[in-house]
Every structure is written in C-alpha cells, then in structure tokens.
Amino acid sequence: MQRHSLNAALLCLVLASGANTAAADDDAPLFVNTQEGSVDCDGHDVNVTSSNATLTFTGRCKGIYFIGTGTTATIESAELVQATGAGQRVTAKGKVSEVYLIGRDGQFEFEGVGALHLNGNASRVDAKTIDTIDAAGSRNTVHWSSGKPTINDMGSGNVLKPKS
C-alpha cells in the first residue's frame, strides 16, 4: 500500500513539473535554420543558424542571434541583435537597445542603436542615431545622421563619423 502511495506521489510530481516546463517553454528561444521566410518573434529570443538565407522578423523580438554566414535579414523590432560569422546583411526598422557585431564583412542599417559593440572587422554600420559606440575590432565604418554618440575606439583603422 505504501508503494502505491509513493508511486502516486511521484506521478503527481512528474505531472506538476511537466506543467511548469510547458509554461517555461513559452519563453524558450526560437531556432531558425531555413533559407527564406518570415518569423514572428512574439517576444522570443531567436537563434538563426542558417547561412545565405533571406529572412524577415516580425513582431517584437527579444534578441536575434545570427550565427551562420551571408544571411540577409529585415527586423521589425528587436531589443538586441548579435551577428557572428561573415557577410551578414541586417536592416532593423526600430531602435535596437544593444548591438554586438562579432563577425566580419557585414552591412548593417539601423533606425537607431542604444549601444553598438564592434568586436569584428571590416563591417559597415549606417544608423540615424547611435548613443554609444565601443569599437575593439578593426577597419569598421560607422556613420550616423543625427546626434553625437559617446565613442570608445580601442580598435585600429575604424572610421566612426557622422554622415556627410
């Protein structure tokens, strides 16, 4: 009889933990490994592992992490964008709070950026506004059209200046 009670208690624990896991999965990141299409972020983080893809991200994205190479993406809204790999092409329509560019040879267009972290090489960034630029990479070009960002350039050969 005690064994039956113990099994019932364990079953209840498993079912209860399953309910908690399902709720936690609502916040689980989305994984994208497709060559083209549209992704509704719906408040999630998104990990993009495909290469040479053409993607559109709609809705509010927490963070978008580009891991592959050569992806072309348009983003409606994101809190964070991180790009590794080579040849990423990203356009963000809304202001992005944090941008980490770790790869090389990318082209990025932003409506606005809170903090831009350049750790990669030979990328180009165009934005209407940038609050802060931290550059540790080399041969990056960053232009903005409004305001004056705080700049910390520890890299080499970077061109960080307003659009002329």
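All of the points below concern the structure found in this document. Here the structure is a predicted model, which is why all the values come from computation and not from measurement. (Residues numbered from 1 in each chain as written. Predicted model: local features only at pLDDT ≥ 70, side-chain atom pairs only at ≥ 80, totals over all residues. Heavy atoms only, no water.)

Let us now look at the overall build of the chain. Across its full length, the chain holds one helix and 11 strands. Starting at the N terminus and walking to the C terminus, you meet the elements of the chain as α-β-β-β-β-β-β-β-β-β-β-β. Counting every position in the chain, which comprises 164 residues, the buried fraction comes to 37%. Across the chain, the fraction of contacts at a sequence separation of at least 24, relative to all contacts at a separation of at least 6, is 3%. Approximately 8,900 Å² of the chain is accessible, and the part contributed by carbon and sulfur atoms is 51%. (Helix = DSSP H or I, 4+ residues; strand = E, 2+ residues; numbered from the N terminus. Buried < 20%, exposed > 50% of the residue type's maximum accessible area, 1.4 Å probe, protein only. Contact = heavy atoms within 4.5 Å. Areas by Shrake-Rupley, 256 points an atom, 1.4 Å probe, with all protein chains shown as cover.)

To continue, consider the environment of I102. Its location among the elements puts I102 in the loop between strand 6 (89-101) and strand 7 (107-118). A relative accessible area of 37% means that I102 is categorised as partly exposed. C-alpha separation for the pair I102 and S123, spaced 21 residues apart in sequence, amounts to 9.5 Å. Discounting residues that sit within four places of it in the chain, I102 has contacts with Q82, A83, T84, N119 and G120.

Residue placement: S50 occurs in the loop between strand 3 (46-48) and strand 4 (54-66). In this structure the side chain of S50 is engaged in a polar contact, spanning 3.1 Å, whose partner is the backbone oxygen of T34. Discounting residues that sit within four places of it in the chain, S50 has contacts with V32, N33, T34, Q35, L55, G68, T69 and T71. (Polar contact = N/O pair within 3.5 Å; in protein donor to acceptor, adjacent residues only side chain to side chain.)

All right, on to the state of the cysteines then. All chains considered together, the criterion is met by one disulfide. In this model, C41 is linked to C61 through a disulfide, with the two sulfur atoms separated by 1.9 Å. With the S-S dihedral at roughly 65 degrees, the linkage between C41 and C61 falls on the right-handed side. Of this pair, C41 sits in the loop between strand 2 (36-40) and strand 3 while C61 sits in strand 4, placing them 20 residues apart in sequence. One exposure class covers both C41 and C61, and it is buried. (Disulfide = S-S within 2.5 Å.)

A few words now on the nonpolar core. The biggest cluster of nonpolar side chains holds 34 residues, and the ones touching the most others in it are F57, F66 and L116. When residues of this core are traced back to their parent elements, those giving at least two are strand 3, strand 4, strand 5 (72-83), strand 6, strand 7, strand 8 (124-135) and strand 9 (141-144). Once residues lying within four places of it in the same chain are set aside, the contact partners of F66 are V48, F57, T71, A73, I75, V81, Q82, A83, T84, Q88 and V90. (Core = buried A, V, L, I, M, F, W, Y, C linked by side-chain atoms within 4.5 Å.)

Positioned with a positive phi, D105 is a non-glycine residue whose angle comes to about 55 degrees. Relative to the helices and strands, D105 resides in the loop between strand 6 and strand 7. We note that R139 has phi near 60 degrees; this positive angle belongs to a residue other than glycine. Among the structural elements, R139 can be located in the loop between strand 8 and strand 9. Using a relative accessible area of 53% as the deciding quantity, one classes R139 as exposed.

It is worth spelling out the side chain of H117 at this point. Within the secondary structure layout, H117 lies in strand 7. Under the relative-accessibility criterion, H117 is labelled buried at 14%. The residues contacting H117, other than those within four sequence positions of it, are E98, V99, Y100, L101 and D134.

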